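# Notes for the structure review
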Amino acid sequence: MARIEITLNGRRYPLTCEDGQEPRIRKLAAYVDDKLTHMVVGGGIGSDSHLLAMTALVLADELFDRADELASMRARINNAPHEPENAIATLSNVIHRIEELAAKIERA
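One structure accompanies this document, and this report is about it. Remember, it's a predicted structure, so these values are computed and weren't measured experimentally. Note that residues are indexed from 1 along each chain, following the sequence as it is written. A pLDDT threshold of at least 70 governs which residues receive local features in this predicted model, and a stricter bar of 80 or more applies before side-chain atom pairs are shown or counted, although totals over entire chains, interfaces and linings include all residues. Derived side-chain values reflect all non-hydrogen atoms in the structure, with water molecules and hydrogen atoms excluded from consideration.

### Notes on the side chain of Thr55
- Turning to its location among the elements, Thr55 is positioned in helix H2 (residues 48-79).
- The cut-offs for exposure are 20% and 50% of the maximum accessible area for each residue type, with area from a 1.4 Å probe on protein chains only; residues under the lower value are buried, those over the upper are exposed, and the others partly exposed. With relative accessibility at 3%, the residue Thr55 sits in the buried group.
- Setting aside its immediate chain neighbours within four residues, Thr55 contacts Val32, Lys35, Leu36 and Met39. Secondary structure follows DSSP: runs of H or I at least 4 residues long count as helices, runs of E at least 2 residues long count as strands, and numbering of each begins at the N terminus. We call two residues in contact whenever any of their non-hydrogen atoms come within 4.5 Å of each other.

### A word on the nonpolar core
- As used in this record, nonpolar core signifies buried Ala, Val, Leu, Ile, Met, Phe, Trp, Tyr and Cys residues forming a set joined through side-chain atoms within 4.5 Å. Formed by Ala2, Ile4, Ile6, Leu8, Cys17, Ala29, Leu36, Met39 and Leu51, the largest nonpolar core amounts to nine residues.
- Of all elements in the fold, only strand E1 (2-8) and helix H1 (22-42) reach the threshold of two or more residues within this core.
- Here this core takes four residues from E1, the largest share from any one element.
- If near-sequence neighbours (up to four positions away) are discounted, Ala2 is found in contact with Leu15, Thr16, Cys17, Glu18, Asp19 and Glu22.

### What about H2?
- In a helix, the anticipated span is given by 1.5 Å times the number of residues less one. Between its first and last C-alpha, H2 extends 46 Å over 32 residues, near the 46 Å set by a 1.5 Å rise per residue.
- All buried positions along H2 are accounted for by Leu51, Thr55, Glu62 and Met73.

### Regarding the pattern of salt bridges
- Criterion for a salt bridge: a side-chain nitrogen of Lys or Arg within 4 Å of a carboxyl oxygen of Asp or Glu. On inspection of all chains with the given rule, the structure shows six salt bridges.
- Among the salt bridges present, the one from Glu62 reaches Lys35, with a minimum N-O distance of 2.5 Å. Here Glu62, found in helix H2, pairs with Lys35, found in helix H1; they are 27 residues apart in sequence, far enough to count as distant.
- Taking relative accessible area as the criterion, Glu62 reaches 18% and is therefore assigned buried.
- Owing to a relative accessible area of 18%, Lys35 belongs among the buried residues under this scheme.
- Here Glu69 and Arg66 are joined by a salt bridge, their closest N and O atoms 3.7 Å apart.

### Considerations on the environment of Arg107
- Its place among the elements puts Arg107 in helix H3 (residues 84-107).
- Between the alpha carbons of Arg107 and Tyr31 there is a distance of 9.4 Å; along the sequence they are 76 residues apart.

### What to know about unusual backbone geometry
- Backbone geometry places Asn9, a non-glycine residue, at a positive phi of 55°.
- With respect to the helices and strands, Asn9 occurs in the loop between E1 and strand E2 (11-17).
- Asn9 gets classed as partly exposed once you look at its relative accessible area, which sits at 35%.

### Let's talk about the packing of H1 against H2
- At a minimum axis separation of 10 Å, H1 and H2 run at an interaxial angle of 120°. One finds that H1 runs oblique with respect to H2. Considering how the two elements wind past one another, H1 and H2 form a crossing that is right-handed. Each of Tyr31, Val32, Lys35, Leu36, Met39 and Val40 in H1 lies in contact with H2, whose residues at this interface are Leu51, Leu52, Met54, Thr55, Val58, Leu59 and Glu62.
- In terms of residue class, the contact of H1 with H2 is made up of 10 nonpolar, one polar and two charged. Lines are fitted to the C-alpha atoms to define the axes, a helix being fitted only along its stretch in contact, and any angle between axes, read from their N-to-C directions, falls within 0 to 180 degrees. An angle counts as roughly parallel when it lies under 35 degrees, as roughly antiparallel when it exceeds 145, as roughly perpendicular when it falls between 65 and 115, and as oblique in every other case. Should the near helix be turned anticlockwise from the far one by less than a right angle, the crossing is left-handed, and should it be turned clockwise, the crossing is right-handed. In the scheme used here, Gly and all other residues not listed as nonpolar or charged are polar, with Ala, Val, Leu, Ile, Met, Phe, Trp, Tyr, Cys and Pro taken as nonpolar and Asp, Glu, Lys and Arg as charged.

See below:
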């Protein structure tokens, strides 16, 4: 197990994770910290627990949006006519959307 330290909202947190997962944990922590920062800048949040609850809801909302998008893509693929041209166009659209989502995640 690896030991790392992350910073969220200016506070340091020591963590353990599987060996090799350190870069992923740091990337996730940076993403969460960015969301926390936006919540703080937005104001109106008092305690740390309230801040964490609001941030968790924002992250859950993003997760649900991505799950809905994936379900919609799967439905379009499953319901697409079996003509090769339509299947290729649908697959091309799905690939493009996945690349867009991956780029968003990379920037986070």
